[in-house]
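Given next are the chains, with one letter for each unit.
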Amino acid sequence: MLGQNSAKANIEPEVSGQNIEGEPASSSPGVDIQRELNRLEEIILDSPRIPFVGRTLIDEEQLLDQLDIVRLNLPVAFQEAEMIVRHKDEILQEAELYAEEIIENAEQRASQILNEMGLVQQAKVEADQLRNQVQLDCEAIQQATIAEIEQIRYQAQQELEEMKARAIAECDEIQNGADDYADRVLDSIEQQLTDMLKVIRNGRQQLEGDGNIPKPLNPTNNL
């Protein structure tokens with residue numbers, strides 16, 4: 001009990017595979033170091049207390065055995081903790097790499113989308129320019145066509161007026177020629193009739209001079 005100084009305090013016992021020199025040969029997996037520390041605390045708290053002196057009687061062998069268990073499993077706990085920390089660092093590193101990859105892919109995709117949007121915008125601008133140019137060309141062609149039609153209509157009207165004027169002139173000329181011809185014909189007929197009338201009068205006068213033909217009462221009735 002308390003105050004016993006046995007050789008056990010200077011000699012490390014073999015507990016859980018520990019050799020005499022204090023190096024762990026093999027540690028049992030699955031030992032909960034927190035549970036063993038709690039057990040050590042229970043040993044101390046459950047030990048009887050000495051009244052008036054404030055001390056506790058502790059089973060030295062049980063305490064040392066429990067300390068050996070804790071001491072032998074501390075390296076394993078440290079290794080597990082180190083493995084957990086290293087694994088956590090690896091996970092964090094992988095997460096960072098994954099996040100960087102996602103960010104890089106997102107940036108590339110964003111750049112691609114911007115490029116595509118730029119191409120679409122450029123195509124839209126070019127399409128608008130082409131549509132405006134086509135519209136302007138159509139309007140210019142329409143104006144030119146209208147002007148050409150007006151010019152053709154004006155020329156046709158001018159030619160029609162000229163043809164009408166020539167036709168009227170030709171008609172007037174034909175009419176004047178016909179009138180002249182008719183006048184000449186009538187004048188010729190009149191001259192012939194006048195000549196014939198003279199011949200008839202002369203013949204009558206000759207006949208009247210011979211007394212063979214009685215003088216008519218009204219000479220105009222013979223005409």
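Quick caveat: nothing in here was measured; it's all calculated off a predicted structure.

I keep staring at the overall build of the protein chain and nothing clicks. Help me out?
Broken down by element type, the protein chain carries two helices and two strands. The proportion of buried residues among the 223 residues of the protein chain is 9%. Considering only contacts in the protein chain between residues 6 or more positions apart, those separated by 24 or more positions represent 55%. Per element, the accessible surface of the protein chain, about 18700 Å² overall, is 56% carbon and sulfur.

Honestly, unusual backbone geometry in this entry has me stumped. Any pointers?
Note: most residues except glycine have negative phi, and most peptide bonds are trans. Of note in this structure, F52 is not a glycine but carries a positive phi near 70 degrees. Inspection of the secondary structure puts F52 in the loop between strand 1 (49-50) and strand 2 (55-56). Owing to a relative accessible area of 87%, F52 belongs among the exposed residues under this scheme.

What is the right way to read helix 1 (residues 33-46) from this model?
Because each turn of an α-helix spans 3.6 residues, side chains separated by three or four positions in sequence point in the same direction. With 14 residues, helix 1 extends 20 Å from end C-alpha to end C-alpha; this agrees with the ideal 20 Å at 1.5 Å per step. All of the buried residues along helix 1 are I33, E36, L40 and I43. When helix 1 is viewed along its axis, its buried side chains cluster within an angular range of 70 degrees and face the same direction. For helix 1, exposure combined with an orientation more than 90 degrees from the buried face picks out L45 and D46.

What exactly am I supposed to notice about a nonpolar patch on the surface here?
Taken together, Y181, V185, L186, I189, L193, M196 and I200 make up a surface patch of nonpolar side chains, about 680 Å² in accessible area. With respect to the helices, strands and loops of the structure, M196 is situated in helix 2 (residues 60-210).

Help me understand the pattern of salt bridges, please; the structure alone is not making it clear to me.
Close approach of charged atoms allows side chains with opposite charge to pair. The final tally for this structure, using the stated rule, is five salt bridges. Where D68 meets R71, a salt bridge forms, and the shortest distance between an N and an O atom there is 3.3 Å. Here D68 pairs with R71, and both are found in helix 2, just three residues apart, close to one helical turn. Exposure remark for D68: the relative accessible area of 5% places this residue in the buried category. Accessibility expressed as a relative area gives 31% for R71, which makes it partly exposed.

I would appreciate a short explanation of the confidence of the model for the protein chain in the present structure.
Keep in mind that low pLDDT regions are not for reading the predicted coordinates in detail. Of the residues in the protein chain, 79% have a pLDDT of 70 or more, and the chain-wide mean is 76. In the model, residues 1-28 has pLDDT below 50 throughout and makes 41 contacts with residues more than four positions away in sequence or in other chains.

What counts and what doesn't
Residues numbered from 1 in each chain as written. Predicted model: local features only at pLDDT ≥ 70, side-chain atom pairs only at ≥ 80, totals over all residues. Heavy atoms only, no water. Helix = DSSP H or I, 4+ residues; strand = E, 2+ residues; numbered from the N terminus. Buried < 20%, exposed > 50% of the residue type's maximum accessible area, 1.4 Å probe, protein only. Contact = heavy atoms within 4.5 Å. Areas by Shrake-Rupley, 256 points an atom, 1.4 Å probe, with all protein chains shown as cover. Expected span 1.5 Å × (residues − 1). Arc of directions from axis to C-beta. Patch = residues over 30% accessible without salt bridge, like charges linked within 9 Å, V, L, I, M, F, W, Y side chains within 5 Å. Salt bridge = Lys/Arg side-chain N within 4 Å of Asp/Glu carboxyl O. pLDDT = per-residue confidence, 0-100.

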